[in-house]
Amino acid sequence: MLSSQCQSVQQLLKSFPERPFDQKQLDDKVAKEVRKFQNKASPENMKSRWELVLRSEIFALAETEGQALRESGSTYYDDLMDRLDLVLTFTEHRDTDACDSSFPFTVLQDLLETQTIPSCSHIFSWIEARASRLTKGMVPQKGKALTLLRTLNDLLRRLSKMGSTTLFCGRISTFLSGVFPLGERSGVNLRGEYGPIWEGVIDVERGSDVDMKAGTSTEAQAVDKMDVDDKGDEEAKRRAAETKDNDFYNTFWSLQLPFSRPPLFANLDMFNKFKDAVDKVLPVIKEATTKDRAMMGNRAATTQTNPLKRKRDLEPGEETNSSDYFFAKFLTSPDLLSLEIADTHFRRQILFQLLVILQHLLTFTKTAKAAWATPRNRSLQMDFTLEPADAQWVQETITKTTAELRSTAPGGPTFTDTVNVIFDREKNWVRWKNDMCPPFDKEPWSEEVDGRKVGLEAATRQLREKMREEPPEWTWSLGSESLTEIWEMGYKDLTDLQTPFQAGDVKDFVKKVKQEDARIDMRKKALARTAERMAQARAKAAAAAAAASSIPPSTDLLTSAPLSQESGPPTADAAKPEASPQPVVASVASPMHPSLPPKPSTAIPPSMPAAPETGATLVPSSTSTAAAGTPRPSPGPAAPAQPVDEQLQKYEENKQRWAWLALRMARDQYLQHFGKIGTGDIILLSQEIEAEKEREREREKKEERTQKTEEIVPSIGGAGSERGAMTEAGENSKVGPASRQDAEGDVKMEDR
């Protein structure tokens with residue numbers, strides 16, 4: 001049976017569809033072959049047989065890697081991808097239990113260990129292309145996830161973090177970060193382990209070189225003692241300079257030890273040594289930066305003085321080195337230290353390392369440790385507390401280092417701002433790490449509705465349906481209550497609000513009266529709405545009380561209605577003022593004219609009798625009242641006194657005041673119209689004034705037409721007399737020569 005399965009796999013590989021292919025075709029072919037052997041053995045036995053056949057097929061091809069890659073036009077990688085696709089397809093047929101779900105990962109783990117780095121890169125490209133199918137249903141920290149993580153970590157250990165495989169390492173890290181969650185325990189270093197420790201510098205060659213030079217100088221002194229006095233001072237200076245260089249060399253590279261192993265600060269005097277080393281190194285770096293800036297300033301000055309000088313074009317390598325740089329490993333040769341310090345990128349690297357360790361030390365002050373140190377993260381702690389004086393030194397050193405980093409050209413400010421942003425983000429990661437890396441995942445929002453948990457969509461369904469409904473018509477036609485009220489009061493422009501009222505004519509007072517009428521109408525509508533709401537609330541309360549007392553609602557409403565009318569607040573009908581209020585009868589006529597009303601708040605003399613009811617003079621109003629002789633109905637039972645609204649009363653008083661002022665202003669100029677209006681209605685008075693003005697304009701037009709007619713008629717008569725005179729003169733001119741000839745003939749006859 002095993003040979004039959006091998007033949008089946010061989011047949012599948014021969015009929016493998018060409019790339020790119022439809023996965024459904026391959027699925028159908030695999031399902032057909034699996035069904036042939038489905039009932040010929042137990043499921044577990046059949047599964048192990050399929051896995052053995054597929055694994056043997058893959059590793060039989062993997063053995064030919066070296067020979068296949070040496071041949072031109074080799075199809076080794078294509079054949080390998082076909083076999084891996086076949087393995088993955090067998091695994092996806094879980095209904096037939098052809099292969100275990102972790103089988104592709106075990107095959108990949110063994111395959112990557114037997115292949116070269118270039119072949120591993122091709123295999124990883126296949127993993128990236130099939131990531132969605134490989135990781136389907138994968139649970140972190142369980143099953144095939146652990147196999148995949150172990151496989152890729154082993155591959156990372158084989159690769160170099162620098163050189164040609166750096167990009168490959170980045171591809172693997174990116175893939176892991178996309179497949180596994182951010183809080184995956186395998187990638188967060190919960191125990192706080194540091195990288196490899198600094199091994200120090202070995203100065204064997206320099207030491208032997210120094211000894212050889214010292215021996216040579218000793219022999220020279222023995223041979224020629226005459227030169228000792230002259231060369232002694234130079235030799236002493238040279239040795240002092242070498243000693244100084246050696247001391248700075250050892251001090252400079254000694255900083256790498258605490259950089260790589262911060263727990264060493266728990267040792268005695270380690271922090272003091274670190275302070276001394278930093279205080280010696282920073283001035284040297286600052287001196288190198290100052291010298292570099294001075295040289296750049298000289299070059300800039302030279303460029304400014306010679307603007308026409310041709311600039312040398314940069315080579316591609318030079319341009320790349322000025323923008324991108326990477327230190328694979330520090331070169332610790334003593335002869336190179338001065339050259340390294342003169343390099344801008346090297347100084348930035350050292351300053352950045354110093355800022356990192358200083359920021360780390362600030363988390364170990366007494367206050368900071370109390371904020372994050374817990375028994376759970378004991379592995380992240382160290383037996384070290386930064387004293388207040390030392391913390392102040394750390395802050396000052398951070399300030400100096402940041403200023404030095406900002407002054408380092410080129411692009412110092414930009415580089416420093418980037419470093420500050422990195423540190424701000426790093427604080428969040430440090431806090432997350434100190435909290436033992438809690439998961440980032442949050443459960444979806446839910447709410448209990450009718451005793452069961454529902455999601456956001458189900459919980460807000462009613463609200464969203466309500467939001468889809470058509471909104472009711474807006475109460476205020478002009479947007480807001482204030483704007484609508486101002487418009488209804490007659491204010492049509494901003495100038496109406498800015499310019500104060502100036503009485504110029506009766507129509508101006510008419511406008512003010514209409515504004516008061518608009519205020520009265522709006523107040524009445526507001527009172528009506530309030531009364532309606534109160535009535536509805538009273539009805540609901542009565543219905544609730546009736547339901548509570550088990551009394552039929554109809555009986556309760558009938559019994560409670562009179563009580564609500566007597567003791568409750570005014571209803572809508574009670575709140576509305578009467579459509580035609582009773583006119584206020586003035587018992588005293590104006591001394592100026594009978595139709596002129598008395599001034600508001602004028603006291604009635606007791607000696608003057610009250611005017612009869614039918615001929616009473618009314619206070620000015622905006623509308624005409626009913627006839628005075630209308631018979632009144634017989635008085636009924638006295639109704640309860642309705643409350644008087646203060647605003648309505650104020651508007652009525654304002655209306656009367658404007659009417660009185662209008663009549664007082666018009667009495668000198670339009671007194672002849674007062675008898676026509678009768679009741680002192682200023683609107684009628686305004687209409688009469690406008691009618692009189694219209695009649696005056698018509699009369700003026702008529703007079704103008706008459707005057708023009710009179711001017712035209714005399715001109716026509718004068719023209720006729722002129723034409724008569726001209727006719728008579730013409731006739732005389734026609735008769736004149738004949739008469740003159742007759743007269744001359746008579747004279748001549750007389751002469752004869």
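Criteria and thresholds
Residues numbered from 1 in each chain as written. Predicted model: local features only at pLDDT ≥ 70, side-chain atom pairs only at ≥ 80, totals over all residues. Heavy atoms only, no water. Helix = DSSP H or I, 4+ residues; strand = E, 2+ residues; numbered from the N terminus. Contact = heavy atoms within 4.5 Å. Areas by Shrake-Rupley, 256 points an atom, 1.4 Å probe, with all protein chains shown as cover. Patch = residues over 30% accessible without salt bridge, like charges linked within 9 Å, V, L, I, M, F, W, Y side chains within 5 Å. Salt bridge = Lys/Arg side-chain N within 4 Å of Asp/Glu carboxyl O. Core = buried A, V, L, I, M, F, W, Y, C linked by side-chain atoms within 4.5 Å. Buried < 20%, exposed > 50% of the residue type's maximum accessible area, 1.4 Å probe, protein only. Phe/Tyr/Trp six-rings, centres within 6.5 Å; stacked < 30°, edge-to-face > 60°. Axes fitted to C-alpha atoms, helices over the stretch in contact; angles between N-to-C directions. Parallel < 35°, antiparallel > 145°, perpendicular 65-115°, else oblique. Left-handed = near helix turned anticlockwise from the far one by under 90°. Nonpolar A, V, L, I, M, F, W, Y, C, P; charged D, E, K, R; others polar. pLDDT = per-residue confidence, 0-100. Expected span 1.5 Å × (residues − 1). Polar contact = N/O pair within 3.5 Å; in protein donor to acceptor, adjacent residues only side chain to side chain. 1 Å grid on protein atoms, 1.4 Å probe; cavity = no way out; pocket = protein on both sides within 12 Å on 5 of 7 lines; lining within 4 Å. Points joined across faces, edges and corners; volume = space filled by probe spheres on them. Lys, Arg positive; Asp, Glu negative; His and termini not counted.

Q: Explain the overall build of the protein chain to me, and be specific about the residues and the numbers.
A: The secondary structure content of the protein chain amounts to 30 helices and four strands. By sequence separation, contacts in the protein chain at least 24 residues apart represent 69% of the contacts at least 6 residues apart. Surface summary for the protein chain: the accessible area is close to 50700 Å², and the carbon and sulfur share equals 55%.

Q: Which residues make up a nonpolar patch on the surface, and what values do they have?
A: Nonpolar side chains collect at one region of the surface, where Leu182, Trp429 and Phe440 lie side by side and expose about 310 Å² of accessible area between them. Looking at the secondary structure, you find Leu182 in the loop between helix H10 (166–179) and helix H11 (204–223).

Q: Pulling in residues and values, what's your account of the nonpolar core?
A: Leu86, Phe90 and Ile172 are the most contacted members of the largest nonpolar core, which totals 56 residues. Residues contacting Ile172, with those up to four places away along its chain left out, are Phe124, Leu152, Leu155, Leu156 and Leu159. The next biggest cluster of nonpolar side chains, apart from the first, holds 42 residues, and it includes Met270, Ile341, Ile350 and Phe423.

Q: Which residues make up the environment of Glu184, and what are the values?
A: The residue Glu184 is located in the loop between H10 and H11 in this model. A C-alpha to C-alpha distance of 9.8 Å links Glu184 and Pro438, two positions 254 residues apart in sequence.

Q: Got a sec to walk through the packing of aromatic side chains? Specific residues and values, please.
A: Tallied over the full model, the rule gives 24 aromatic pairs. Ring centres of Tyr76 and Tyr77 lie 5.4 Å apart, and the angle between their planes is 65°; this geometry places the pair in the edge-to-face category. On the accessibility criterion, Tyr76 (2% relative accessible area) is buried. Measuring from centroid to centroid gives 6.0 Å for Phe265 and Phe384, while their planes differ by 40°, and the two rings are tilted. Within this pair, whereas Phe265 is found in the loop between helix H13 (256–260) and helix H14 (270–305), its partner Phe384 is found in the loop between helix H18 (366–372) and helix H19 (388–407), the two being separated by 119 residues in sequence. Both residues of the pair, Phe265 and Phe384, belong to the buried class.

Q: I'd like to hear about the packing of helix H5 (residues 76–92) against helix H7 (residues 117–129), residue by residue, with values.
A: At a closest axis distance of 11 Å, the pairing of H5 and H7 adopts a crossing angle of 40°. In terms of orientation, H5 lies oblique with respect to H7. For the element pair H5 and H7, the recorded crossing hand is right-handed. Every residue of H7 that contacts H5 at Tyr77, Leu80, Met81, Leu84, Asp85 and Leu88 is listed here: Pro118, Ser119, His122, Ile123 and Trp126. For the contact of H5 with H7, the residue count by class is eight nonpolar, two polar and one charged.

Q: Explain the confidence of the model for the protein chain residue by residue, including any values.
A: Confidence along the protein chain averages 75 in pLDDT terms, with 70% of residues attaining 70 or more. Segment residues 314–323 is flagged for pLDDT under 50; beyond a separation of four residues in sequence, or across chains, it makes three contacts in the model. Low confidence marks residues 733–752, where pLDDT is under 50. Its contacts with residues over four positions away, or in another chain, come to zero contacts.

Q: Lay out helix H28 (residues 646–666) in plain terms, naming residues and giving numbers.
A: Between its first and last C-alpha atoms H28 spans 30 Å; for 21 residues at 1.5 Å apiece the expected length is 30 Å, and the two agree. Taken as a whole, H28 has its buried residues at Leu648, Tyr651, Asn654, Lys655, Trp658, Ala659, Trp660, Ala662, Leu663 and Ala666. Its side-chain oxygen placed 3.3 Å from the backbone nitrogen of Gln647, Asp645 serves as the N-cap of H28.

Q: Any details on empty space enclosed by the protein? Residues and values, ideally.
A: This structure, assessed with the given rule, holds two cavities of 30 Å³ or more. Computed from the structure, the largest cavity encloses a volume of approximately 40 Å³. Lining the largest cavity we find Leu255, Phe259, Val278, Val281, Leu282, Ile285, Ile350, Leu351 and Leu354. Broken down by secondary-structure element, the contributors of at least two residues to the lining of the largest cavity are H14 and helix H17 (344–361). Sorting elements by how many residues they give to the lining of the largest cavity places H14 first, with four residues. Here the lining of the largest cavity is built from residues that sort into nine nonpolar, no polar and no charged.

Q: Describe the pattern of salt bridges, and please don't skip the residues or the numbers.
A: Under the criterion given, the structure shown has 19 salt bridges. When the shortest N-O distance is used, the salt bridge between Arg157 and Asp154 registers 2.6 Å. Here Arg157 pairs with Asp154, and both are found in helix H9 (residues 144–158), just three residues apart, close to one helical turn. Of the residues examined, Arg157 reaches a relative accessible area of 65% and is grouped as exposed.

Q: For unusual backbone geometry, give the residues involved together with the corresponding values.
A: The peptide bond linking Arg19 to Pro20 adopts the cis configuration, its omega dihedral lying at -10°. Take Pro20: it is sitting in the loop between helix H1 (2–14) and helix H2 (23–36). Cis geometry is adopted by the peptide bond preceding Pro410, which originates at Ala409 and carries an omega value of 0°. Within the secondary structure, Pro410 is located in the loop between H19 and helix H20 (412–434).

Q: I'd like a description of the side chain of Lys144, backed by residues and values.
A: With respect to the helices, strands and loops of the structure, Lys144 is situated in helix H9. The buried charged residue Lys144 lacks any salt bridge partner; its closest oppositely charged side chain belongs to Glu92, at an N-O distance of 8.8 Å. In this structure the side chain of Lys144 is engaged in a polar contact, spanning 3.0 Å, whose partner is the backbone oxygen of Lys136.

Q: Lay out the environment of Val356 in plain terms, naming residues and giving numbers.
A: Along the chain, Val356 falls in helix H17. Exposure remark for Val356: the relative accessible area of 39% places this residue in the partly exposed category. Residues Val356 and Val419, 63 residues apart in the sequence, show an inter-C-alpha distance of 9.8 Å.

Q: If you had to explain the packing of H5 against helix H6 (residues 103–114) to someone new, which residues and values would you point to?
A: Direction vectors running N to C along H5 and H6 enclose 155°, while the axes themselves pass 9 Å from each other. If you check the angle between H5 and H6, you find them roughly antiparallel. Of the residues in H6, those in contact with Leu80, Leu84, Val87, Leu88 and Thr91 of H5 are Phe103, Pro104, Leu108 and Leu111.

Q: Tell me about the side chain of Thr251, and name the residues and values.
A: Within the secondary structure, Thr251 is located in helix H12 (residues 228–254). Here Asp247 takes part through its backbone oxygen, which lies 2.7 Å from a polar atom of the side chain of Thr251.

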